[in-house]
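Residues per chain are reported as follows:
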Amino acid sequence: GHETFDDLHLPQKPVGFSAYPLADRLTDDTIDYPSTQSQRTRSRGISEQTMIIVLTLIAAFTKLYRIGRRDNVSWDEAHFGKFGAYYLNRTFYHDVHPPLAKMLVGFSELLAGHNGTFEFKGGHTYPAFVNYRFMRVFNALFGIALTPMAYITFRQLRLPMRFAAMAALFVTFDNAICVMSRFILLDAPLLGFTALALTMLACFHRQRSQPFSPLWWRYLLLTGVALGLVSSSKWVGLFAVALVGLYTIAELYEMFCNVHMPVNTYVRHWMARILALIVIPLFVYMLTFKMHFSVLNRYHGSANFMPTGFQVRLRGNPLGRQPYDIHTGSYVRLHSHDSGAGYLHSHEHKYPVGSQRQQITGYGYADPNNFWAIDRRMVAG
């Protein structure tokens, strides 16, 4: 017969290969893979554990060397250091991202002995009572952890030891990762949790030939926990959720096409993934917000973005000090129950079209033009 290009140049799929093979097929462990570099190097005394330790020490040097040299508030430390101090003061703040990474910044400040009084103004020198070096080292630990996780991920994907080490070194010496890991930012925890999700997914993928085994369950559940952590740090972490979701869709579709798989087994796979990859991440996500709102119970001006019913539960809120009875001559502020609408606001500008009368709008910040006077007007007749 005529040989095609594919027959000559493309590798063939191993006999019996399947994500979830049948009992009468060869399992993943019985496939005759070529000997890996780790098997050859292990004979010369280099073990996996030794390689991980060496790579981690190299990563620690790149992230920790002279980490306290710059002794002033740098870059976005002005934002995230301040957010961390809010947790120490238990003062509510409003931010667009989920709270977990900022809670970790606050935890590092707590461990460093910070009292929450420093305001982290950009360019200001850190005072002696702020142990900024410890805070930066705490953040750098997430950047250091990227290196061993990268190595483990590639080894779980069956790459030889030398290639896995090369990939880990690429991560170690990446300039952007080195810089982000050396300051009090949210990016290092975000990348750390993202890498954790990918590592657990690779470990779970390695157990695909032994479904519902203890290791299979362990790595599936840990993947769900990692997804909850990364999605609770920043919204961009949802890309990790999308990656695992696409992998799961492809995996379930392959099993759906396997006509020999019993229906009850297929349903069990669905239930396991719903529990581990949907329920657990949502639980972790909601738990972080529960902790966030439990700690931040003091009023701050940024709470004006929240509904009135939420504001009145904060300690020191101005709404709790107002009189219940409103009389003629009183000055009041009218706030919408809908979050984001703000206060009823007026100023001297006119509408350029339409009625061309004085503008009355909604405004979300404190302003003298939010106050309205209650007057008595006599109505004719």
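Provided above is the structure to which this section pertains.
All values derive from a computational prediction rather than experimental measurement.

Trainee: Run through the nonpolar core, naming residues and quoting values.
Mentor: Ranked by internal contacts, the top residues of the largest apolar core, which has 28 residues, are Phe92, Tyr93, Phe118, Phe120, Tyr126 and Met135. The element contributing the most residues to this core is helix H4 (residues 77–89), with 6 residues. Beyond its immediate chain neighbours, meaning those up to four positions away, Tyr126 contacts Asp71, Asn72, Val73, Glu77, Phe118, Phe120, Tyr132, Arg136 and Ile184. Among the nonpolar cores identified, the runner-up in size contains 27 residues, and Leu100, Leu104, Ala188 and Trp216 belong to it.

Trainee: Provide a residue-level description of helix H3 (residues 48–64), including the pertinent values.
Mentor: Taking 1.5 Å as the rise per residue, H3 with 17 residues should run 24 Å; its terminal C-alpha atoms sit 24 Å apart, in good agreement. What H3 keeps buried is the set Glu48, Met51, Leu55, Ala59, Thr62 and Lys63. All buried residues of H3 project into a common sector of 95° when viewed along the axis, lining one side. In H3, the exposed positions angled more than 90 degrees off the buried face are occupied by Gln49, Ile53, Leu57 and Phe61. Following H3 by one or two positions, Arg66 adopts a phi angle in the positive range, close to 50°.

Trainee: For the pattern of salt bridges, give the residues involved together with the corresponding values.
Mentor: The full count for this structure, using the stated rule, is 5 salt bridges. A salt bridge links Arg155 to Glu48; the nearest nitrogen and oxygen atoms lie 2.5 Å apart. In this pair, Arg155 is assigned in helix H6 (residues 132–156) and Glu48 in helix H3, connecting sequence segments 107 residues apart. In this structure, Arg155 and Glu48 share a single accessibility class: buried. When the shortest N-O distance is used, the salt bridge between Glu251 and Arg273 registers 3.0 Å. Of the two residues, Glu251 sits in helix H11 (residues 238–257) while Arg273 sits in helix H12 (residues 263–295), which places them 22 residues apart along the sequence. According to the relative accessible area criterion, Glu251 is buried, its value standing at 5%. Exposure remark for Arg273: the relative accessible area of 4% places this residue in the buried category.

Trainee: Go over a nonpolar patch on the surface, please, and point to the residues and values.
Mentor: Taken together, the side chains of Val263, Val267, Trp270, Met271, Ile274, Leu275, Ile278, Val279, Leu282 and Met286 present a nonpolar region at the surface, about 920 Å² in accessible area. With respect to the secondary-structure elements, Trp270 resides in helix H12.

Trainee: Mind laying out the packing of aromatic side chains, listing which residues take part and the relevant values?
Mentor: Two descriptors summarise a pair of aromatic rings, namely the distance from one centre to the other and the angle between the planes of the rings. According to the stated counting rule, one finds 24 aromatic pairs in the structure shown. Ring centres of Tyr87 and Tyr93 lie 5.7 Å apart, and the angle between their planes is 80°; on these two criteria the pair is classed as edge-to-face. Classification of Tyr87 by relative accessible area gives buried; the value is 10%. Classification of Tyr93 by relative accessible area gives buried; the value is 4%. One aromatic cluster is present, formed by Phe92, Trp235, Tyr285, Phe289, Phe293 and Phe310 through successive ring pairs. The positively charged end of Arg268 is found above the aromatic ring belonging to Phe212, 3.9 Å away from the centroid.

Thresholds, definitions, all that
- Residues numbered from 1 in each chain as written.
- Predicted model: local features only at pLDDT ≥ 70, side-chain atom pairs only at ≥ 80, totals over all residues.
- Heavy atoms only, no water.
- Core = buried A, V, L, I, M, F, W, Y, C linked by side-chain atoms within 4.5 Å.
- Buried < 20%, exposed > 50% of the residue type's maximum accessible area, 1.4 Å probe, protein only.
- Helix = DSSP H or I, 4+ residues; strand = E, 2+ residues; numbered from the N terminus.
- Contact = heavy atoms within 4.5 Å.
- Expected span 1.5 Å × (residues − 1).
- Arc of directions from axis to C-beta.
- Salt bridge = Lys/Arg side-chain N within 4 Å of Asp/Glu carboxyl O.
- Patch = residues over 30% accessible without salt bridge, like charges linked within 9 Å, V, L, I, M, F, W, Y side chains within 5 Å.
- Areas by Shrake-Rupley, 256 points an atom, 1.4 Å probe, with all protein chains shown as cover.
- Phe/Tyr/Trp six-rings, centres within 6.5 Å; stacked < 30°, edge-to-face > 60°.
- Lys NZ or Arg CZ within 6 Å of the ring centre and 35° of its normal.

Spatial relationships are all this shows, so hold off on functional conclusions.
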